[in-house]
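# Close look at the chain arrangement
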Amino acid sequence: MLVELLHRKHGAAILLTLAIIFSQLHCQEAAVDKNAKGTHGDLAEEKAQLAETVRSEYLHAWNGYKRYAWGSDDLKPLSKTASNWHEEPLLMSAVDALDGLVLMGFEKEAERTREFVIDNLSFDKDIFVKNFEINIRLLGSLISCYQLTNDSRLLDLAEDLGTRLLPVFDSPTGMPYTYVNLKTGEVRAPITNPAEIGTLILEFGALSKLTDKPVFYDKAKRALVELYERRSAIDLVGQAINVETGAWVDSISHVSGRIDSYYEYLLKGWLLFEDTDLKEMWDTHRAAINRYLEMETETGFWYGWVDMVTGERAATYFGALDAFFPAVLVSAGDRERAEKLQASCFAMWNLHGLEPELLDFSTMEIVPGGAAYHLRPEIIESAYYLYHHTKDPKYLEMGKKILGDLITYCKTDVAYAAIKDVRTMEKMDAMESFLFGETLKYLYLLFADEETLDLDEVVLTTEAHPLRKIW
Ligand code: DMJ
């Protein structure tokens, strides 16, 4: 694998530049100053070097997964063992990595992994899976990689998976249950949330377009509409709902986990399919989010928690997952709010050198139980979109600082590890597949040549799998 890296473009010179980059990573202020004065040539060269660093870090983690967990879902990076989500593996990390391997130029590795997945992945399994996770990590990646490679076997796998997931929508409201059995179609857990209901239209919709079977789009869209119609009088949604009764069971509203990607998919659904209903829904929510959730405090510009019915403030919480929102804001044309919010996200990151899962932004203290860092990508995703839209080098500097911190605190001898508490930097024996699907991929895309991915031609799913507008 290292040979593959070394043969690319600059050969051994890369090793030398990597050493220089590592020595610079912690001199952030000096680097900002240098960039401000630097020429376009300097910037282009530094970006290229950073992209190569990310490639080598990706390869480091990938080799760890291959060595200790190949054929399983995930690598446990401290014990160097494998873990599976269900009784039988669904190759979560390998599938989540499929398009990233292609985009990052690991052609042989991408081809080998694709062949392995096609030969070994079967969805004919008597297991209950979480529809949301299987959709974003597996279905999205299979469709994305099909579009990148034209390998129709991937589309066959995607169609088989999509068909097995369809029973989730068989609730009285049309909103999906949380779990479905891939073999029997039996469903479970009627209490779910907007993110799990509303983060399906990109993958299911693309599957409809590619197979010419409208059922996938229609079911995912109905779920979105049913959810939207249950918004409060002030146009907000809560964080838990029963799909059998249609009643809210938790009225707290925010842009954090459990709601986050519902909003993301209204906007992106419009961008990918030009479905004007989705745009209207997004515009309605956007106005309410800005009116009720936005909070300007001494510590920065944030989006907090409120009650969906009254709009009254419920908590001044913001966390690692919320950091996707600058990307959504700038994609929707609201550069000003996106830049202010990203500055707050970066302040949250720099409090300890890695961001916590949940922060009270009124005190800048970590919320009890919210001290972990799970290798999440959202802040990098937002830096990537902001750099794309503004070309402001400060977003490259942000990415560089984050990359340095990831290497310092999360890298292990065989891969990368999540962190139990960002105050102590104690590691956890876990490495989520989104390290490959998103975290390192977004860092690569931030530094790589813009032609690697044309954001006018693709829409990235919530798991960062690019879907091309080819219909
Ligand atoms: C990913 O699986 C997706 O980005 C999802 O929308 C939210 N959480 C993780 C990454 O943090």
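Just above, that's the structure.
Throughout what follows, the structure given in this document is the object of discussion.

Calculation criteria
Residues numbered from 1 in each chain as written. Predicted model: local features only at pLDDT ≥ 70, side-chain atom pairs only at ≥ 80, totals over all residues. Heavy atoms only, no water. Helix = DSSP H or I, 4+ residues; strand = E, 2+ residues; numbered from the N terminus. Patch = residues over 30% accessible without salt bridge, like charges linked within 9 Å, V, L, I, M, F, W, Y side chains within 5 Å. Areas by Shrake-Rupley, 256 points an atom, 1.4 Å probe, with all protein chains shown as cover. Salt bridge = Lys/Arg side-chain N within 4 Å of Asp/Glu carboxyl O. Lys, Arg positive; Asp, Glu negative; His and termini not counted. Charge placed at Lys NZ, Arg CZ, Asp CG, Glu CD. 1 Å grid on protein atoms, 1.4 Å probe; cavity = no way out; pocket = protein on both sides within 12 Å on 5 of 7 lines; lining within 4 Å. Points joined across faces, edges and corners; volume = space filled by probe spheres on them. Nonpolar A, V, L, I, M, F, W, Y, C, P; charged D, E, K, R; others polar. Buried < 20%, exposed > 50% of the residue type's maximum accessible area, 1.4 Å probe, protein only. Pairing = 2+ DSSP bridges. Near = heavy atom within 4 Å. Polar contact = N/O pair within 3.5 Å; in protein donor to acceptor, adjacent residues only side chain to side chain. Sits in = over half its atoms within 2 Å of the grid points.

### Description of unusual backbone geometry
In this model, Asp-235 sits at a positive phi of 70 degrees, which is unusual for a non-glycine residue. Topologically, Asp-235 is positioned in the loop between α12 (215-229) and β7 (240-242). Backbone geometry at Leu-375 places phi at a positive 70 degrees, although glycine is not the residue there. Mapping Leu-375 onto the fold places it in the loop between β16 (365-366) and α17 (378-390).

### Focus: a negative patch on the surface
There is a patch of like negative charges on the surface, built from Asp-449, Glu-451, Asp-454 and Asp-456. Along the polypeptide, Asp-454 turns up in the loop between α19 (434-447) and β19 (458-460).

### Describing the layout of surface pockets
Over the atoms rolls a probe the size of a water molecule, and in doing so it shows where empty space is left. Its boundaries defined by the atoms lining it, the largest pocket holds a volume of some 560 Å³. At the level of elements, α8 (131-149), α10 (194-198), α13 (260-273), α17 and α19 are the ones that each hand at least two residues to the lining of the largest pocket. For the lining of the largest pocket, the leading source of residues is α8, giving four residues. Class assignment for the residues of the lining of the largest pocket results in eight nonpolar, five polar and 13 charged.

### Quick word on the pairing of strand β11 (residues 300-303)
Of the two faces of β11, both are covered, the one formed by Gly-300 and Trp-302 as well as the one formed by Phe-301 and Tyr-303. Where strand β10 (residues 294-297) folds back on β11, the antiparallel hairpin that results is connected by two residues.

### Section: the sheet that holds strand β9 (residues 252-253)
Strand pairing in a sheet is mediated by backbone hydrogen bonds. Such pairs are either parallel or antiparallel. An order of β9-β12-β13 is seen for the three strands of this open sheet, with the pairing classed as antiparallel. Pairing within the sheet leaves two strands with one partner each, and these edge strands are β9 and β13 (313-315). Across two bridges, the pairing between β9 and strand β12 (residues 305-307) is antiparallel. Paired with Ser-253 across the strands is Val-306, a residue of β12.

### Topic: the site of the ligand
Surveying the vicinity of the ligand reveals the residues Ile-136, Leu-321, Arg-376, Pro-377, Glu-378, Phe-434, Glu-438, Thr-462 and Glu-463. In the environment of the ligand, an oxygen atom lies 2.7 Å from a nitrogen or oxygen atom belonging to the side chain of Thr-462. Expressed as a share of its isolated accessible area of 290 Å², the protein-covered part of the ligand is 92%. When atom positions are compared with the pocket grids, the ligand is found to occupy the largest pocket.

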